[in-house]
Amino acid sequence: MSIQKTSLLLRWLKRLLAFLATVLWIIIIYTISQSPVPFAEQAPYCMMSTMMIFGLLSLSYKGLEYWERSESR
């Protein structure tokens, strides 16, 4: 695959991953907020899900950037 096509593919993969992570985060936060327990008990779940989702997104971005650097050599 040419460098230009790879760059375009990786750019769109990053956009797709960011969109999917944001949608997943909104769904999980909405599901947690519908729970009948008080907010003080919901907060740890909100924080943990946010850290996990965006941590995985960051890891995916780093992997795609590594792939992009190795393709350009």
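Higher on the page you've got the structure.
Residues numbered from 1 in each chain as written. Predicted model: local features only at pLDDT ≥ 70, side-chain atom pairs only at ≥ 80, totals over all residues. Heavy atoms only, no water.

(A) Seen up close, the overall build of the chain. Counting its secondary structure elements, the chain contains 2 helices and 0 strands. For the chain, whose C-alpha radius of gyration is 17 Å, the value lies well above the compact-globule estimate of 11 Å for 73 residues. Its C-alpha atoms give the chain principal-axis dimensions of about 55 × 15 × 10 Å. At a minimum sequence separation of 6, the contacts of the chain that also span at least 24 residues come to 71%. Just so you have it, the chain exposes about 5800 Å², and 72% of that area is on carbon and sulfur atoms. Of the charged side chains in the chain, 7 are positive and 4 negative, and the gap between their average positions amounts to 11 Å. (Helix = DSSP H or I, 4+ residues; strand = E, 2+ residues; numbered from the N terminus. Rg over C-alpha atoms; globule rule 2.2 N^0.38 Å. Contact = heavy atoms within 4.5 Å. Areas by Shrake-Rupley, 256 points an atom, 1.4 Å probe, with all protein chains shown as cover. Lys, Arg positive; Asp, Glu negative; His and termini not counted. Charge placed at Lys NZ, Arg CZ, Asp CG, Glu CD.)

(B) The pattern of salt bridges, seen in detail. This structure, assessed with the given rule, holds 2 salt bridges. Of the charged contacts, one joins K14 and E65 as a salt bridge, the two residues approaching to 3.8 Å between their closest N and O atoms. Taken together, the residues span a long stretch of sequence, with K14 in helix α1 (residues 3-33) and E65 in helix α2 (residues 39-71) at a distance of 51 residues. Salt bridges here are not isolated pairs; linked through shared partners, they connect K14, E65 and E68. (Salt bridge = Lys/Arg side-chain N within 4 Å of Asp/Glu carboxyl O.)

(C) Examining α1 more closely. Under the 1.5 Å per step criterion, the end-to-end length of α1 is 45 Å for 31 residues, consistent within 8% with the ideal 45 Å. Those residues of α1 lying buried are T6, L10, K14, A21 and I32. Here the buried face of α1 lies against α2. (Expected span 1.5 Å × (residues − 1). Buried < 20%, exposed > 50% of the residue type's maximum accessible area, 1.4 Å probe, protein only.)

(D) Structural detail: a nonpolar patch on the surface. On the surface, L16, F19, L20, V23 and I27 cluster together to form a nonpolar patch covering roughly 460 Å² of accessible area. Along the chain, the position of L16 falls in helix α1. (Patch = residues over 30% accessible without salt bridge, like charges linked within 9 Å, V, L, I, M, F, W, Y side chains within 5 Å.)

(E) Focus on the packing of α1 against α2. The geometry of α1 relative to α2 is characterised by a closest axis approach of 10 Å and an angle of 175° between their N-to-C directions. Here α2 runs roughly antiparallel to α1, going by the angle between their axes. For the contact of α1 with α2, the per-class residue count stands at 20 nonpolar, 7 polar and 5 charged. (Axes fitted to C-alpha atoms, helices over the stretch in contact; angles between N-to-C directions. Parallel < 35°, antiparallel > 145°, perpendicular 65-115°, else oblique. Nonpolar A, V, L, I, M, F, W, Y, C, P; charged D, E, K, R; others polar.)

(F) Region of the structure containing the environment of T22. Secondary-structure assignment places T22 in helix α1. Sequence separation between T22 and T50 is 28 residues, and the spatial gap between their C-alpha atoms is 9.7 Å.

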